[in-house]
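Listed below, chain by chain, are the residues.
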Amino acid sequence: MAELRALIFDVDGTLADTERDGHRVGFNRAFADAGLQWNWSEELYGKLLAVAGGKERIRHYIETYNPPFTPPADLTDFIAGLHRAKTHHYTQLLAQGEIPLRPGVKRLLTEARARGLRLAIATTTTPANVTTLVENTLPEGLSWFEVIAAGDVIPHKKPAADIYYYALQQMNLSSEQCLAFEDSYNGVISSLKTGIQTVITVNGYTQHQDFSGADLVLNHLGEPDFPFTVLSGNAHGSRYFTVDLAHTLLQQRIDWRL
Ligand code: XBP
Ligand code: MG
């Protein structure tokens with residue numbers, strides 16, 4: 001019978017609340033650098049987040065919102081250039097310590113390691129963004145993650161299941177041996193497609209999205225002195241997320257299957 005062996009974490013919106021004040025600002029600075037009169041407001045960005053992947057999001061914006069610019073000969077190359085500039089601005093924001101880890105993340109990662117659980121990341125974002133975020137929020141923490149599955153390492157981004165299949169394959173684990181942590185509809189669709197039980201911590205952009213199929217939907221992972229709120233599912237009396245609760249969630253699924 002499968003037992004919990006690893007926790008797999010999404011990055012944006014899950015490890016840290018990176019979108020509104022991080023990625024969005026990075027995109028707007030890159031547009032300004034390129035002399036484009038494009039500005040992604042908080043509201044517009046919330047709509048654009050339906051498309052995972054920064055390059056894919058820029059293309060979606062061009063095709064859907066028809067913004068003012070002179071189409072270049074090679075649009076793919078043009079988008080890639082904008083995205084490189086955006087990543088530069090975003091990683092600078094991270095390096096300035098602008099974006100902290102969300103409540104309970106460092107505590108849970110530390111406990112998971114102490115309890116012998118393996119750790120991995122499964123994210124749509126660019127690998128450099130992951131390393132910069134972790135280096136600036138969790139010194140020495142990069143080595144805690146056995147696998148950092150990120151960005152273009154797979155052909156189809158979330159909500160496709162590719163990134164979670166890739167992480168499972170790299171760790172040689174089955175979906176029943178893992179628990180995923182996500183923040184968005186695209187993310188939970190991706191993790192559930194692989195059969196990985198999933199815990200959601202919502203944020204400003206995702207709080208009204210559909211998380212059907214998730215084991216638990218929380219406002220954050222909580223701390224002993226800062227309890228979470230259960231938005232759906234059964235936290236079995238816990239007031240903050242722990243390794244014991246992770247084991248209980250998997251066990252309840254096993255009992256349910258019996
Ligand atoms: C969220 C995403 C990413 C970021 C932007 O990723 O969809 O595209 O919004 O990062 P996660 P890039 O799976 O961590 O929630 O511009 O590097 O794509
Ligand atoms: Mg996310």
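Everything that follows concerns the structure shown earlier in this document.
Now for a quick tour of the structure. (Residues numbered from 1 in each chain as written. Chains lettered and ligands numbered in written order. Predicted model: local features only at pLDDT ≥ 70, side-chain atom pairs only at ≥ 80, totals over all residues. Heavy atoms only, no water.)

1. Some details on the coordination of the magnesium ion (ligand 2)
Put simply, the rule is: Only nitrogen, oxygen and sulfur atoms count as donors, using a 2.8 Å cut-off from the metal that widens to 3.2 Å for Na, K and Ca. Water is left out, so coordination shells may look unfilled. Only protein chains enter the accessibility calculation, which uses a 1.4 Å probe; a residue whose area is less than 20% of its type maximum is buried, one above 50% is exposed, and one in between is partly exposed.
Within the protein, the atoms that donate to the magnesium ion (ligand 2) are D10 (OD), D12 (O) and D183 (OD), at distances of 2.1 to 2.3 Å. Site description for the magnesium ion (ligand 2): donor spacing in sequence, D-x1-D-x170-D. Considered together, D10 and D12 belong to a single accessibility category, that of buried residues.

2. Side note on the pairing of strand β1 (residues 6–9)
Two faces, one strand: in a regular strand the side chains alternate between the faces of the sheet. The test is simple: By the criteria applied, helices consist of DSSP H or I runs no shorter than four residues and strands consist of E runs no shorter than two, each listed in order from the N terminus. Strands were regarded as paired on the criterion that DSSP finds at least two bridges between them.
Residue alternation in β1 divides its side chains into two sets, A6 and I8 and L7 and F9, and both sets are buried. Relative to strand β2 (residues 118–123), β1 runs parallel, the two being bridged by four bridges. Among the inter-strand pairings, L7 is bridged to a residue of β2, identified as L119.

3. Description of the packing of helix α3 (residues 54–65) against helix α4 (residues 75–95)
In plain terms, the rule: Only the stretch in contact is used when a helix axis is fitted, and all axes are lines through C-alpha atoms; the angle between N-to-C directions ranges over 0 to 180 degrees. Angular relationships are summarised with four words: roughly parallel below 35 degrees, roughly antiparallel beyond 145, roughly perpendicular across 65 to 115, and oblique for the angles in between. Put simply, a crossing is left-handed when the front helix is turned counterclockwise from the back one by less than a right angle, and right-handed when it is turned clockwise. Throughout, a residue-residue contact means that at least one pair of heavy atoms, one from each residue, lies within 4.5 Å. Basically, the charged four are Asp, Glu, Lys and Arg, the nonpolar ten are Ala, Val, Leu, Ile, Met, Phe, Trp, Tyr, Cys and Pro, and anything else, Gly included, counts as polar.
Here α3 crosses α4 at 120°, and the two axes come no closer than 9 Å. When the axis of α3 is compared with that of α4, the two are oblique. By crossing handedness, the relation of α3 to α4 is classed as right-handed. Along its contact with α3, which presents G54, K55, I58, R59 and I62, the element α4 presents L75, T76, I79, A80, L82 and H83. Here the residues of the contact of α3 with α4 are counted per class, giving six nonpolar, three polar and two charged.

4. Notes on empty space enclosed by the protein
Under the convention used in this document: A cavity, in this analysis, means grid points on a 1 Å lattice covering only the protein atoms where a 1.4 Å probe fits yet has no way out; a pocket is instead an open set bounded by protein on both sides within 12 Å along at least five of seven lines, and a residue lines either one if it has an atom within 4 Å of a point. Grid points are joined across faces, edges and corners, and a volume is the space filled by probe spheres set on the points.
Per the counting criterion, the structure on display carries one cavity of 30 Å³ or more. Reported here for the largest cavity is a volume of approximately 40 Å³. For the lining of the largest cavity, the residue count by class is seven nonpolar, one polar and no charged.

5. Some words on the pattern of salt bridges
To keep things clear, this is the line we draw: One side-chain nitrogen of Lys or Arg within 4 Å of one carboxyl oxygen of Asp or Glu is enough to make a salt bridge.
Under the definition given, this model contains 13 salt bridges. In this structure, K158 engages E182 in a salt bridge whose closest nitrogen and oxygen atoms are separated by 2.7 Å. Residue K158 is located in the loop between β3 (145–150) and α7 (162–171), and its partner E182 is located in strand β4 (residues 178–182); the two are separated by 24 residues in the primary sequence. By the burial criterion, K158 is buried, and E182 matches it. A cluster of three or more residues bridged by salt bridges with shared partners is formed by K55, E56, D152 and K157.

6. Regarding the site of ligand 1
Operational definition: Summary of the distance rule: residues count as near a molecule or strand when at least one heavy atom falls within 4 Å of that molecule or strand. As used in this structure description, the phrase polar contact means that two N or O atoms lie within 3.5 Å; if the pair is within protein, one of them must be able to donate a hydrogen and the other to accept it, and residues adjacent in sequence are counted only when both atoms belong to side chains. Computed with a 1.4 Å probe, the accessible areas rest on the Shrake-Rupley method; for each residue, only the protein chains presented here act as cover. Any molecule with more than half of its atoms within 2 Å of a cavity's or pocket's grid points is counted as sitting in it.
For ligand 1, the set of nearby residues contains 19 residues, the closest of which are E19, G54, H83, T123 and T126. Here an oxygen atom of ligand 1 sits 2.7 Å away from a polar atom, N or O, in the main chain of G54. Here R57 contributes a side-chain N or O atom positioned 2.8 Å from an oxygen atom of ligand 1. When isolated, ligand 1 has an accessible area of 440 Å², and the protein chains bury 95% of it. Counting atoms within 2 Å of the grid points, the majority share of ligand 1 lands in the largest pocket. In terms of residue count, helix α1 (residues 19–33) provides more of the shell around ligand 1 than any other element does, three residues in total. Classifying every residue of the shell around ligand 1 gives four nonpolar, nine polar and six charged.

7. Some thoughts on the environment of E176
Position of E176 relative to the elements: it lies in the loop between α7 and β4. Put simply, E176 and A6 are 170 residues apart on the chain and 9.8 Å apart in space, counted from C-alpha to C-alpha. Reaching out from E176, the side chain makes a polar contact with the side chain of S175 at a distance of 3.4 Å.

It is worth stressing that arrangement in space is one thing and function is another; only the former is reported here.
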